[in-house]
Amino acid sequence: MANLNSVKTFFVFLGKSVFALLEVMVFAIIPRPQKNVAGEIVLITGSGSGLGRLLAVKFARLGSVLVLWDVSREGNEETCKMAREAGATEVYAYTCDCSRKEEVYRVADQVKKEVGDVSILINNAGIVTGKKFLDCPDELMEKSFDVNFKAHLWTYKAFLPAMIANDHGHLVCISSSAGLIGVNGLADYCASKFAAFGFAESVFMETFAKKQNGIKTTIVCPFFINTGMFDGCTTGCPSLLPILEPEYAVRKIVDAILQDKPYLYMPRFIYFIVFLKSFLPLKLGMLLAEYMGVFNSMDSFSGHKKKD
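Quick caveat, the model's predicted, so the values are computed rather than measured. (Residues numbered from 1 in each chain as written. Predicted model: local features only at pLDDT ≥ 70, side-chain atom pairs only at ≥ 80, totals over all residues. Heavy atoms only, no water.)

J.: Please set out the UniProt feature "transmembrane region" (unreviewed entry) in the protein residue by residue, giving values where relevant.
T.: The UniProt record annotates "transmembrane region" (unreviewed entry) at residues 12-30 and 269-289. Annotated as 95% helix and 0% strand, the span residues 12-30 places its first and last C-alpha atoms 27 Å apart. When the span residues 269-289 is considered, its composition is 81% helix and 0% strand, and the gap between its end C-alpha atoms is 13 Å. (UniProt positions renumbered as here; feature names shortened; annotations may be inferred. Helix = DSSP H or I, 4+ residues; strand = E, 2+ residues; numbered from the N terminus.)

Now the structure itself:
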C-alpha cells in the first residue's frame, strides 16, 4: 500500500510538472493576460520621488486608488498632484517614516479607517549609504536595515491579514540585484536587500503552502536605476548591464505585477549572472566580475545631491 501511494504521488507530481512546463512554453510565446487593477487600493512606500513617484503615476493611469507613503511631505504632495493629473480620482497622501515600527502601525491603522483594505502593497522605500563597511557609521547601517528591510516586516504585519481574510492581495518587494550578489562598497545595502528578498520569498512560500492562492507576490531585483539614488555609479559593461532608465524599470515592474510574475530581474542578464554564480568556480567568477567592472562600480558614487 505504501509503495502504491508513492507511485501515485510520483505520477501526480510528474503530471503537474509537465503541465507547468507546457504553461511556461505557451507564455514564452503568447504574452500572459494582465489583470485589471482599476479600483484596487495600491499602497506605495517611498512615493515622494524616483521610482515610487513613477509607479504612482502609472497606477493612476490604470484607475487604482492610491495610498502614498513618504517621509517627505513636500515630495509626497507633488506626487499626489502628478497622480491626479494622470487621471487618479482617489489619492491619499500620508507622511510616514517607514523606519519607525510604531509610526508604520499608526499610519496603517489610519489608512484602514480612511481608505479601506490595501490590496496591492509595494514596498519601494529605500536608502543607500554608499560607504565601505568600516567607514559606515553604525547608525547609518541600522537605518539601512530599518528602511530597506525591517519596514517590510511591519507593512506585511499591518496589511497581510486583511489580504488573507479576503483571499485577495499582491505583495511587491522592490529588492535589488545587490540582493542577489554581493557588491564592493555596498555591504550594508546588500545585506538589507538580501534580507528583503529572503523575507518576501519566505512569505511567498508560506502563502503557497497554505494554498492562499489569492495572495500574489512579485520580487523585483533591478540593477542601478537612474533616479539619482545611485548617481556616480558606473557599469563596466553597458551592453549587458546598463544603468536602467526609470521609465523602463517602472513599465517592467507594473507589467510583472499585472501578470502576477513572482520574480523580475532587470536587465535580463541578471538571470544569467545568478545562474553562473551557482556553479562557476570562485576564481572564474571573480575574473568575470573584474572584467565587467563590478568591483569599481561604486568608486565614483555621489548619490542624491542635497538641495540648497
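J.: Pulling in residues and values, what's your account of the pairing of strand β1 (residues 41-45)?
T.: Most of β1 is tucked away: five of the five residues are buried. With burial as the criterion, each face of β1 is covered, one bearing Ile 41, Leu 43 and Thr 45 and the other bearing Val 42 and Ile 44. As paired strands, β1 and strand β2 (residues 65-70) are joined by five bridges and run parallel to one another. For Val 42, the partnering residue across the bridge sits in β2 and is Leu 66. Between β1 and its parallel partner β2, the chain crosses via helix α2 (residues 50-61), and the hand of that crossover is right-handed. The pairing of β1 with strand β4 (residues 120-123) spans three bridges and is parallel. For Ile 44, the partnering residue across the bridge sits in β4 and is Ile 122. (Buried < 20%, exposed > 50% of the residue type's maximum accessible area, 1.4 Å probe, protein only. Pairing = 2+ DSSP bridges. Right-handed = clockwise from strand over helix to strand, strands pointing away.)

J.: Let's hear about the sheet that holds β2: which residues, and what values?
T.: Strand pairing within a sheet occurs via backbone hydrogen bonds; the two strands may be parallel or antiparallel. Spatial ordering of the open sheet is given by β3-β2-β1-β4-β5-β6-β7, a layout of seven strands whose pairing is parallel. Every other strand in the sheet has two partners, leaving β3 (91-95) and β7 (263-266) as the edge strands with one partner each. Direction aside, the axes of adjacent strands within the sheet are offset by 15 degrees on average. Packed onto the sheet, helix α7 (residues 246-258) meets β4, β5 (169-174), β6 (215-222) and β7 and runs at close to 165 degrees relative to β7. (Axes fitted to C-alpha atoms, helices over the stretch in contact; angles between N-to-C directions. Contact = heavy atoms within 4.5 Å.)

J.: Run through the environment of Ser 144, naming residues and quoting values.
T.: Among the secondary structure elements, Ser 144 is positioned in helix α5 (residues 138-166). Taking the C-alpha atoms as reference, Ser 144 lies 6.7 Å from Ser 192; in sequence the two are 48 residues apart. If we skip the residues at most four places from it in the chain, Ser 144 touches Ile 127, Thr 129, Phe 149, Asp 188 and Ser 192.

J.: Provide a residue-level description of the packing of α2 against helix α3 (residues 73-85), including the pertinent values.
T.: One way to put it is that α2 packs onto α3 with a least axis distance of 9 Å and a crossing angle of 25 degrees. Classed by the angle they form, the pair α2 and α3 counts as roughly parallel. With respect to the hand of their crossing, α2 and α3 are arranged in right-handed fashion. On α3, the residues that touch Arg 53, Ala 56, Val 57 and Ala 60 of α2 are Gly 75, Glu 78, Thr 79, Met 82 and Ala 83. (Parallel < 35°, antiparallel > 145°, perpendicular 65-115°, else oblique. Left-handed = near helix turned anticlockwise from the far one by under 90°.)

J.: How would you summarise the pattern of salt bridges if you had to cite specific residues and measurements?
T.: Evaluation of the coordinates by the stated rule reveals five salt bridges. Asp 109 serves as the salt-bridge partner of Lys 112, at 3.8 Å between the closest nitrogen and oxygen. A residue pair is termed a helical-turn pair when its members lie 3 or 4 positions apart in one helix, as Lys 112 and Asp 109 do in helix α4 (residues 101-114) at three residues. Across the pair Lys 150 and Asp 146 runs a salt bridge whose closest N-O atoms are separated by 3.4 Å. Of this pair, Lys 150 and Asp 146 both sit in helix α5, four residues apart, which is roughly one turn of that helix. You can call Lys 150 partly exposed: its relative accessible area is 33%. Members of the salt-bridge network, linked through shared partners, are Asp 97, Arg 100 and Lys 143. (Salt bridge = Lys/Arg side-chain N within 4 Å of Asp/Glu carboxyl O.)

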